[in-house]
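The lines below spell out each chain.
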Amino acid sequence: LNADLVSSMRHRAYRICMEDVDNSFEFIMKKLIEKQRKLNRSLLPNVARRMGPGYEAAAAVERGPGAFSRMKHVLCQHADDASRDMFHQTVSEALDSVPSIIHHVSTNIKRLAKIIHTHMDRVFSVWWVSQATIPPPFPEPIVKNTRRDLQHQLDDLCKVHCATLEKIGVDKEGMVESCFK
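On a predicted model such as this, the values are computed, not experimentally measured, just so you know.

Peer 1: In this structure, what is going on with the environment of His 119? I would like to understand it.
Peer 2: By the element assignment, His 119 lies in helix H2 (residues 67-132). Note on His 119: relative accessible area 14%, which makes it buried. A sequence separation of 107 residues divides His 119 from Arg 12, and the C-alpha atoms of the two residues are 9.5 Å apart. With near-sequence residues (within four places) excluded, His 119 lies in contact with Ile 16, Cys 17 and Asp 20.

Peer 1: What is the right way to look at the layout of surface pockets in this model?
Peer 2: Over the atoms, a rolled probe matching the size of one water molecule traces out where space is still vacant. As a volume, the largest pocket reaches approximately 150 Å³. Around the largest pocket, the lining residues are Lys 35, Lys 38, Leu 39, Ser 97, Ser 100 and Ile 101. For the lining of the largest pocket, the secondary structure elements donating two or more residues are helix H1 (3-59) and H2. Across the lining of the largest pocket, the residue classes break down as two nonpolar, two polar and two charged.

Peer 1: Would you mind showing me how to read the pattern of salt bridges here?
Peer 2: Taken as a whole and judged by the stated rule, the model has two salt bridges. In this structure, Lys 30 engages Glu 26 in a salt bridge whose closest nitrogen and oxygen atoms are separated by 3.7 Å. One end of the pair is Lys 30 and the other is Glu 26, both in helix H1 and four residues apart, which spans about a single turn. What makes Glu 26 partly exposed here is its relative accessible area of 46%. Taking the shortest distance from any N to any O, the salt bridge between Glu 34 and Lys 31 comes out at 3.8 Å. One end of the pair is Glu 34 and the other is Lys 31, both in helix H1 and three residues apart, which spans about a single turn.

What counts as what
Here the residue numbering is sequential within each chain, running from 1 through the sequence in written order. The predicted nature of this model means local features are confined to residues of pLDDT at least 70 and side-chain atom pairs, given and counted, to a pLDDT of 80 or more, with totals for whole chains, interfaces and linings taken over all residues. Hydrogen atoms and water are omitted, and side-chain values are computed over all heavy atoms in the structure. Strands are runs of DSSP state E lasting at least two residues, helices are runs of H or I lasting at least four, and both sets are numbered from the N terminus onward. Relative accessible area decides the class of each residue, using a 1.4 Å probe on protein chains only: under 20% of the type maximum gives buried, over 50% gives exposed, and in between gives partly exposed. Contacts are residue-level and defined by heavy atoms, with any inter-residue pair within 4.5 Å sufficient. A cavity here means a set of 1 Å grid points, computed over protein atoms only, where a 1.4 Å probe fits but cannot escape. A pocket is an open set with protein on both sides within 12 Å along at least 5 of 7 lines, and lining residues have an atom within 4 Å of a point. Grid points are joined across faces, edges and corners, and a volume is the space filled by probe spheres set on the points. In this classification, the charged set is Asp, Glu, Lys and Arg, the nonpolar set is Ala, Val, Leu, Ile, Met, Phe, Trp, Tyr, Cys and Pro, and all remaining amino acids, among them Gly, are polar. What counts as a salt bridge is simple: a side-chain nitrogen of Lys or Arg found within 4 Å of a carboxyl oxygen of Asp or Glu.

And the structure:
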């Protein structure tokens, strides 16, 4: 195969693979953003569920002078107690979602690797098939024998050449020395 064809195949494979990489990472990012939003959406209901009893307790305080202070005190006390549990539960839920996220990213990267492998295989299969048709290199003895035979033929041609130069009267100076041995 000529260099232009191989270069063209390489550029095509690169372009296709980069498009797949871009598309795959775009897909992965969309999925990760969905998972992040799902986790964020789970926080508000969790806070509302945990704080509900505190609001109910604040609304149930005795009415009259100082009611606002009593409501504030009850709500602050409940918020302090509930916030510890909310924080730990939120961290626990976030940590529980990490393996799922890692699995998602890993699965998609493996899928991308298979896609790239398929593209490379398809693009370069022409090269691999044509390489398979090239005969193996000649064994060294065959190369040496062929070279020796060719050297004898060249020596014979050189002798004929020298004889021809002498017959036509051409000066041999400046000619290749090996030809006049």
